[in-house]
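If you want the building blocks of each chain, they are given just below.
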Amino acid sequence: MSDHKPDVSTFTVDPKYLTKDGITGLARELTTKEKILEAARLHPVMATLLIMGGLATILRFTFGLGTVTNLDDNNPWGIWISIDLLCGVALAAGGFVTSAACYIFGFKKFHSAVRPAILTAFIGYALVVFALNYDVGRPYRLPYPLFWSQGTSSLLFEVGLCVFLYLTVLFIEFFPAALEWLGLKKIRNVVHSLTIVLTIFGVVLSTLHQSSLGALFLIAPSKVHPLWYSSYLPVYFFVSAICAGLSVVIFEGMLSHKYMHAKMDKMTIEEHDGVMFGFAKAAAFVLMGYFFIKWVGVAADNNWHYLGTGYGAWFLVEVIGFVFLPAVCYAIGYREQNPTFVKVAAVWTILGIVVNRLNVSQIAFNWQLPSDLRYFPHFWEIVVTAFIIGLHVLLFRLIANRMPILYTHPDYADHDEDVAEPAHGGGH
Amino acid sequence: MDTGTFHTLHDFMVHSKGIVYIIMGVILAGSLIFWRFLTAREKPIRKY
């Protein structure tokens, strides 16, 4: 295990907090004021997103939905639901997938991917709840459906309850990193001991609400196009969320290696290829399984004749172009141990999930309405969605740059040996 | 029975279930073939 111990000296002063002294020419640590300014420094695109997002927020909460959205009685759910919520929840599935692989299925070689995946999922779910406020309004009444007036016969209640509980679970799973950063060892050890219980709880809750998001559309058989409407929708949403989660972990690892490499310790860097190819193998097989079961849905409802229509062509683009081909790309990437194929497949799959969620909730939804009654997002709806995505990137960088997310904290390197030891055997 | 014409629910179920069962067979075979393709270059794990 000594091979995997991080170089403690690299954590004494972060290189980005070093500057050259103007007088002596020697390197010196930044002052607190300089550190704050460094932390507040934003990319111009990010700064623009935040300003525009702030403006959209003011407009939304002062003048109402009508000012900033194209929603109406025919289309009460826009891209704030399709992208911010449906895609957001699916793409945040990396948290439960990675922690289940590591702690339940015993793939300890994925341990270094758990914290980044949990952080991505935690921020993702937090922003799903945050974004939901734009749609439903009155943020102060957000707890009402859970604590005041429970709609126990509604799938939305089940989704809301699961997201509330799972967000809490993700917060507790993420909490040890914050406690290590704060140096609170005793509390950290107590919270860390809950890992297995939280992982099991997380898997159960994720299975429930990922599938329930698909089940939401079961109440609209006349609105969802038959090629996308199926009694298997809950299964489709759950299985595709697993593909999304696996792909997001690969994608997030790819970006972290490119932009935050200096923050990684030796173990994280050494395990990176194993995580990427292990997840690629799983994603290839699950994605191919998803491709197969999509056809079971078409066959069970005898919807073959719709394949010859325009919507049928679009369905084929989704199922072949964004499911089958990425699965093959993943398979070739894993088989040839080619990282480029795996990375391309990860981005491809993420796009495929976005296409699928947009199809079910927008493009194939209300498909019988005349085109002038169909929905297209308002400028401010797109701004809010971009703002939420920008916030995700910003928060991830902010936290991962400070807390032990991409490295094992030196004080706990030995403590975590039992879970950090790479597994031998067992294959990928 | 005419192709694509169902007079009873039973007709429909026999037809659609029949196709689903055929697809399930294809899935079973396809999964095995895909797994073989995926893992063909893996080094065997020595258990001894």
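Fair warning: this is a prediction, and the values are worked out from it, not measured in the lab.

K.L.:
Tell me about the overall build of chain A, residues and numbers included.
P.N.:
Along chain A, the regular secondary structure elements total 16 helices and two strands. Residues classed as buried in chain A amount to 42% of the 428 residues present. Taking the intrachain contacts of chain A between residues at least 6 apart in sequence as the baseline, contacts between residues at least 24 apart amount to 79%.

K.L.:
I'd love a proper account of the overall build of chain B, names of residues and values included.
P.N.:
Helices and strands together make up the secondary structure of chain B, namely one helix and zero strands. For chain B, with 48 residues in total, the buried portion stands at 4%.

K.L.:
Could you give an account of the interface of chain B and chain A, with specific residues and numbers?
P.N.:
Contacts between chain B and chain A engage 16 residues on the former and 15 residues on the latter. Here the side of chain B that touches chain A is built from residues that sort into eleven nonpolar, three polar and two charged.

K.L.:
I'd like a description of the packing of helix α12 (residues 266–300) of chain A against helix α14 (residues 339–363) of chain A, backed by residues and values.
P.N.:
Residue and element names in this part refer to chain A. One can describe the packing of α12 onto α14 by two numbers: an axis separation of 11 Å at closest approach and a directional angle of 50°. Judged by the angle between their axes, α12 and α14 are oblique. Like other packed secondary-structure pairs, α12 and α14 cross with a definite hand, here left-handed. Residues Met276, Phe277, Ala280, Ala283 and Leu287 of α12 lie in contact with α14, whose contacting residues are Pro339, Val342, Ala345 and Thr349. Split by residue class, the contact of α12 with α14 holds eight nonpolar, one polar and no charged.

K.L.:
Which residues make up the confidence of the model for chain A, and what values do they have?
P.N.:
Residue and element names in this part refer to chain A. With 88% of its residues at a pLDDT of 70 or more, chain A has an overall mean of 87. Across chain A, the element-wise mean pLDDT spans from 46 in helix α16 (residues 417–420) up to 96 in helix α13 (residues 310–335). For the stretch residues 417–428, pLDDT sits under 50, and the model shows 22 contacts to residues farther than four places along the chain or on other chains.

K.L.:
Mind laying out the packing of α12(A) against α13(A), listing which residues take part and the relevant values?
P.N.:
Residue and element names in this part refer to chain A. At their nearest, the axes of α12 and α13 sit 8 Å apart, and the two run at 150° to each other. By the angle class used here, α12 and α13 are roughly antiparallel. The chirality of how α12 crosses α13 is left-handed. Side by side, α12 and α13 meet where Phe277, Ala280, Lys281, Ala283, Ala284, Leu287, Met288, Tyr290, Phe291 and Lys294 of the first sit next to Val319, Val323, Phe324, Pro326, Ala327, Tyr330, Ala331, Gly333 and Tyr334 of the second. Per-class residue counts for the contact of α12 with α13 are 16 nonpolar, one polar and two charged.

K.L.:
Any chance you could break down the nonpolar core for me, citing the residues and the numbers?
P.N.:
Residues and elements named next belong to chain A. Counting 111 residues, the largest nonpolar core has Leu246, Ala280, Ala283, Ala284, Val286, Leu287 and Tyr330 as the members making the most contacts within it. With 17 residues, α12 is the largest single contributor of residues to this core. Residue contacts for Tyr330: discarding those within four places in its chain leaves Ala280, Ala283, Ala284, Leu287, Val342 and Ala345.

K.L.:
Residues and numbers for helix α8 (residues 155–182) of chain A, please.
P.N.:
All names here are of chain A. The terminal C-alpha atoms of α8, which comprises 28 residues, lie 40 Å apart, in line with the 40 Å expected from a rise of 1.5 Å per residue. Along its length, α8 reaches its greatest deviation from straightness, about 35°, at Phe174, and the proline Pro176 lies no more than four positions downstream. Within α8 the residues assigned to the buried category are Val159, Gly160, Cys162, Val163, Tyr166, Val169, Leu170, Glu173, Phe174, Pro176, Ala177 and Leu179. Just downstream of α8, Gly183 is the residue with a positive phi angle, here 80°.

K.L.:
Give me the environment of A:Pro404: which residues, what numbers.
P.N.:
Here A:Pro404 shows up in the loop between α15 (379–400) and α16. In contact with A:Pro404, other than residues within four places in its own chain, are A:Ala177, A:Glu180, A:Trp181 and A:His409.

K.L.:
I'd like to hear about the environment of A:Met403, residue by residue, with values.
P.N.:
All names here are of chain A. Looking at where Met403 falls in the secondary structure, it is placed in the loop between α15 and α16. Met403 sits 221 residues away from Leu182 along the chain, and the two C-alpha atoms are 8.8 Å apart. Beyond its immediate sequence surroundings of up to four residues, Met403 is in contact with Ala177, Ala178 and Trp181.

K.L.:
I'd love a proper account of helix α5 (residues 94–104) of chain A, names of residues and values included.
P.N.:
All names here are of chain A. Along α5, nine of the eleven residues are buried, which leaves the element largely enclosed by surrounding structure. Taken residue by residue, α5 has Gly94, Gly95, Phe96, Val97, Thr98, Ser99, Ala101, Cys102 and Tyr103 as its buried positions. In this fold, the buried residues of α5 make contact with α6 (111–136), α8, α10 (195–215) and α11 (233–259). Residue Gly106 follows α5 closely and has a positive phi angle near 80°.

K.L.:
Outline the environment of A:Val197, listing residues and values.
P.N.:
As for its position among the elements, A:Val197 is in helix α10. A:Val197 sits 40 residues away from A:Phe157 along the chain, and the two C-alpha atoms are 24 Å apart.

K.L.:
So what about unusual backbone geometry? Which residues, and what values?
P.N.:
Residue and element names in this part refer to chain A. Within the chain, Arg138 stands out as a residue other than glycine whose phi angle is a positive 45°. Positionally, Arg138 belongs in the loop between α6 and α7 (144–147). Although it is not a glycine, Asn366 adopts a positive phi angle of roughly 60°. The residue Asn366 is located in the loop between α14 and α15 in this model.

Reading the values: rules and limits
- Residue positions are counted from 1 within each chain, in the order its sequence is given.
- To label them, take the chains in the order written and letter them from A, then take the ligands in the order written and number them from 1.
- Thresholds applied to this predicted model are a pLDDT of at least 70 for local features of residues and 80 or more for the giving and counting of side-chain atom pairs; totals over whole chains, interfaces and linings are not thresholded and use all residues.
- Labels follow the DSSP assignment, with helices taken as runs of H or I lasting at least four residues and strands as runs of E lasting at least two, numbered in each case from the N terminus.
- Residue burial is a threshold on neighbouring C-beta atoms within 10 Å of the residue's own C-beta, all placed from the backbone, with 20 or more meaning buried, 12 or fewer meaning exposed, and counts in between meaning partly exposed.
- Note on contacts: residues are paired as contacts if their backbone-placed C-beta atoms lie within 7 Å.
- Residue classes follow a fixed rule: Ala, Val, Leu, Ile, Met, Phe, Trp, Tyr, Cys and Pro count as nonpolar, while Asp, Glu, Lys and Arg count as charged, and any other residue, Gly among them, counts as polar.
- Whenever a helix is involved, its axis is fitted only over the stretch in contact; in every case the axis is a line through C-alpha atoms, and angles between N-to-C directions fall within 0 to 180 degrees.
- An angle below 35 degrees is treated as roughly parallel, one above 145 as roughly antiparallel, one from 65 to 115 as roughly perpendicular, and anything else as oblique.
- By convention the crossing between two helices is left-handed if the near helix lies anticlockwise of the far one by an angle smaller than a right angle, and right-handed if it lies clockwise.
- A residue's pLDDT is the confidence the predictor assigns to it, expressed on a 0 to 100 scale.
- In these notes, a nonpolar core means any group of buried Ala, Val, Leu, Ile, Met, Phe, Trp, Tyr and Cys residues linked to one another through C-beta atoms within 7 Å.
- Here a helix's expected span is defined as the number of its residues, less one, multiplied by 1.5 Å.
- To get the bend at a given residue, fit one axis to the seven residues ending there, fit another to the seven starting there, and take the angle between those axes.

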